[in-house]
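Architecture and fold: a report
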Amino acid sequence: DKDGNLIVEDLESFLVSSSSSLSSSLSSSLSSSLSTSSTSSQHQSALYTKLKDQCSKSPFPPTSFKEERPKDQWSKPIWVGMFHHSFPDDVHKNIMNSLTSLTAAGKSFYISIKNQLRHCDSKLYETVSCMIGEVPQKKFESKFYSKYIMIVRNPMTFFPSAANVKNAKYHGQIGQTPIEEWREIRDTWIDDMMTAYRDLIIEWKESSYDDGMFLVYEDLMDVNRGPDVIRRIARFVREAGFDTTVEDEDMSCLWYKSVGDERIGQYIKNRYDYNDYVPGFTKEQQEMMMRNLKELMVEVVGDHKELAAILKRYVTEIRDNTIIDRKWNGQAAKKE
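Sequence positions are assigned chain by chain, starting from 1 and proceeding in written order. The predicted nature of this model means local features are confined to residues of pLDDT at least 70 and side-chain atom pairs, given and counted, to a pLDDT of 80 or more, with totals for whole chains, interfaces and linings taken over all residues. As a rule here, side-chain values cover all heavy atoms of the structure and leave hydrogens and water aside.

Concerning the state of the cysteines
The line we're drawing: Our working definition of a disulfide is a cysteine sulfur pair at a distance within 2.5 Å. In this description a helix means any DSSP run of H or I spanning at least four residues, a strand means any run of E spanning at least two, and both kinds are numbered starting from the N terminus.
Counted according to the given criterion, the structure contains 2 disulfides. Disulfide pairing places Cys55 opposite Cys253 at an S-S distance of 2.1 Å. Note on the Cys55 and Cys253 pair: the S-S dihedral is about -80°, so by sign convention the disulfide is left-handed. Placement of Cys55 in the loop between α2 (26–54) and β1 (78–81) and of Cys253 in helix α8 (residues 251–259) is noted, with a sequence separation of 198 residues between them.

Laid out in structure tokens, this is it:
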């Protein structure tokens, strides 16, 4: 109607079709999730075993590198935007170094070496991509390629994964964060985390850079889709003026060796980073994540139809696969 209600209703229909209500029981939700994915997991396991045999001796990441071009011939590096703690730095480096055979093609904005490297600007080694957890300041604009890669991940798995990474990095946590501590982190910070998630996507959208590629974390980790994600990255890297040195038939092994055997096997098993438990959310938190993603889709659909489709997919996954959990009990988790 004239107030725009029809648009919202159409979007609701597009995003979330009617379905049976989710069980509020954590155990029954987990059982349902596992049963619907078992066939897919078996198929991926077979492909994974095949790749493991084929790629065991493939030269990725490379141990020898091509000679660096003179610095005045270097191309402008590509920003790789990501949510803080959402993507393994070593995977980014492995992919870019392997695609280009350059010594240090993939770098982190936050790593510095005195008199040699700062903010991905190296005096010695050409930078292909610079991974960053924020929209860069204006002063960097002239030094970087006009299009960016954005790594996106479903908040249902990203939020607990980020909590694990931060606990390991800053508090010495070994293995998965204990479940009651996860509940405390989740119930304390989830609103802020969701706001930061939305804000970063909008800030990139409104920046002076154009979107070049949305790298879907779940696709990169998938045995079927992962090699094609690498092919897309390779095309984008060439568009930005860099040479790639890998033949198409080697992309599957480059993917396998760059992501790593342990990560791939873990993702096939749980579609998550750890084995102790699959992190859950309260029903209210599930609905909040879905609502925010739908609102975010309204904001981006005009300019970023690919991103809107990714967000639609995330809404469906959250609707169908969230483990419905109880609230934190209000007591500090015991540290072992």
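That covers the picture; the talk isn't over yet.
As for helix α4 (residues 155–171)
For clarity, the threshold we go by: An expected span of 1.5 Å times one less than the residue number is assigned to each helix. For each residue, the accessible area found with a 1.4 Å probe, counting protein chains only, is set against the maximum for its type, and the residue is called buried under 20%, exposed over 50%, and partly exposed in between. Whether two residues are in contact is decided by their heavy atoms: any pair within 4.5 Å suffices. Counted as a polar contact is a pair of N or O atoms within 3.5 Å, where, for protein atoms, one must be capable of donating a hydrogen and the other of accepting one, and residues adjacent in sequence contribute only when both atoms are in side chains.
Across its 17 residues, α4 extends 23 Å between first and last C-alpha, which sits within 8% of the 24 Å expected from 1.5 Å per residue. Taken residue by residue, α4 has Pro155, Met156, Thr157, Phe158, Phe159, Pro160, Ser161, Ala162, Ala163, Asn164 and Asn167 as its buried positions. Elements in contact with the buried residues of α4: α5 (179–205), α6 (217–221), α10 (283–300) and α11 (305–321). Its side-chain oxygen at 2.9 Å from the backbone nitrogen of Met156, Asn154 defines the N-terminal cap of α4.

Overview of the sheet that holds strand β7 (residues 210–216)
Rule in force here: Two strands are said to pair when DSSP picks up at least two bridges between them. An axis is simply a line fitted to the C-alpha atoms; with a helix, the fit covers only the stretch in contact. Between two such axes, the angle follows the N-to-C directions and lies from 0 to 180 degrees.
The strand order across the open sheet formed by 5 strands is β2-β5-β1-β6-β7, and the pairing between neighbours is parallel. Only two strands of the sheet have a single neighbouring strand rather than two, namely β2 (106–108) and β7. Going from strand to strand, the sheet's axes swing by 25° on average, the running direction of each strand aside. With respect to the sheet, α5 is in contact with β1, β5 (129–132) and β6 (147–152), its orientation differing from that of β6 by roughly 165°. Across the face of the sheet, helix α7 (residues 226–239) comes into contact with β1, β6 and β7 while running at roughly 160° to β7.

Concerning the nonpolar core
Under the convention used in this document: For our purposes a nonpolar core is just a set of buried Ala, Val, Leu, Ile, Met, Phe, Trp, Tyr and Cys residues, chained together by side-chain atoms within 4.5 Å.
The biggest cluster of nonpolar side chains holds 44 residues, and the ones touching the most others in it are Trp79, Met150 and Tyr197. Sorting the residues of this core by element identifies β5, β6, α4, α5, β7, α10 and α11 as the ones contributing at least two each. Not counting chain neighbours up to four residues away, the residues in contact with Tyr197 comprise Phe83, Arg153, Asn154, Pro155, Phe158, Phe159, Leu293, Leu296 and Tyr314. If you look at the next biggest cluster of nonpolar residues, it comprises 43 residues, including Phe60, Tyr145, Ile149 and Val223.

Re the side chain of Arg186
Mapping Arg186 onto the fold places it in helix α5. At 2.9 Å, the side chain of Arg186 and the backbone oxygen of Gly280 are in polar contact. In this structure Arg186 touches Gly280, Phe281, Thr282, Gln285, Asp325, Arg326, Lys327 and Trp328, once residues within four positions along its chain are discounted.

Structural notes on the packing of aromatic side chains
As a reminder of what qualifies: Stacked, edge-to-face and tilted are the three classes for Phe, Tyr and Trp ring pairs, Trp counted by its six-membered ring, which pair at centre distances within 6.5 Å; planes under 30 degrees apart are stacked, over 60 edge-to-face, the rest tilted.
One pass over the full model with this rule turns up 18 aromatic pairs. Plain terms: the ring middles of Tyr48 and Tyr256 are 6.5 Å apart, the flat faces sit at 50° to each other, and that makes the pair tilted. Here Tyr48, found in helix α2, pairs with Tyr256, found in helix α8; they are 208 residues apart in sequence, far enough to count as distant. Judged by its relative accessible area of 6%, Tyr256 falls in the buried class. Relative to Tyr197, the ring of Phe83 has its centre 4.4 Å away and its plane inclined at 10°; by these criteria the two rings are stacked. With a gap of 114 residues between them, Phe83 in the loop between β1 and α3 (89–100) and Tyr197 in helix α5 connect regions that are remote in the sequence.

Re the environment of Thr316
Mapping Thr316 onto the fold places it in helix α11. Among the residues examined, Thr316 registers a relative accessible area of 22% and is labelled partly exposed.

Section: the confidence of the model for the chain
The test is simple: Confidence of the predictor in every single residue is expressed as pLDDT, which spans 0 to 100.
Considering every residue of the chain, the mean pLDDT works out to 88; 87% of them sit at 70 or more. The low-confidence segment residues 1–36, where pLDDT is below 50, has 36 contacts with residues more than four positions distant or belonging to other chains.

Focus: the layout of surface pockets
For clarity, the cut-off: For cavity detection a 1 Å grid was placed over the protein atoms alone, and a set of points counts as a cavity when a 1.4 Å probe fits there but cannot get out; an open set counts as a pocket when protein lies on both sides within 12 Å along at least five of seven lines, with lining residues being those that have an atom within 4 Å of a point. Grid points are joined across faces, edges and corners, and a volume is the space filled by probe spheres set on the points. Gly is put with the polar residues, along with every residue not named as nonpolar or charged; the nonpolar set is Ala, Val, Leu, Ile, Met, Phe, Trp, Tyr, Cys and Pro, and the charged set is Asp, Glu, Lys and Arg.
There is about 830 Å³ of room inside the largest pocket. Along the wall of the largest pocket there are 28 residues; nearest its centre are Phe87, Pro88, Asp89, Val165 and Arg263. Secondary structure elements with two or more residues in the lining of the largest pocket: α4, α6 and α9 (261–270). A per-element tally of the lining of the largest pocket places α4 first, with 5 residues. In terms of residue class, the lining of the largest pocket is made up of 14 nonpolar, 8 polar and 6 charged.

Considerations on unusual backbone geometry
One non-glycine residue, His119, adopts positive backbone phi at about 55°. Structurally, the position occupied by His119 is in the loop between β3 (117–118) and β4 (121–122). Despite not being glycine, Arg271 shows a phi value in the positive range, around 55°. For Arg271, a relative accessible area of 36% puts it in the partly exposed group.

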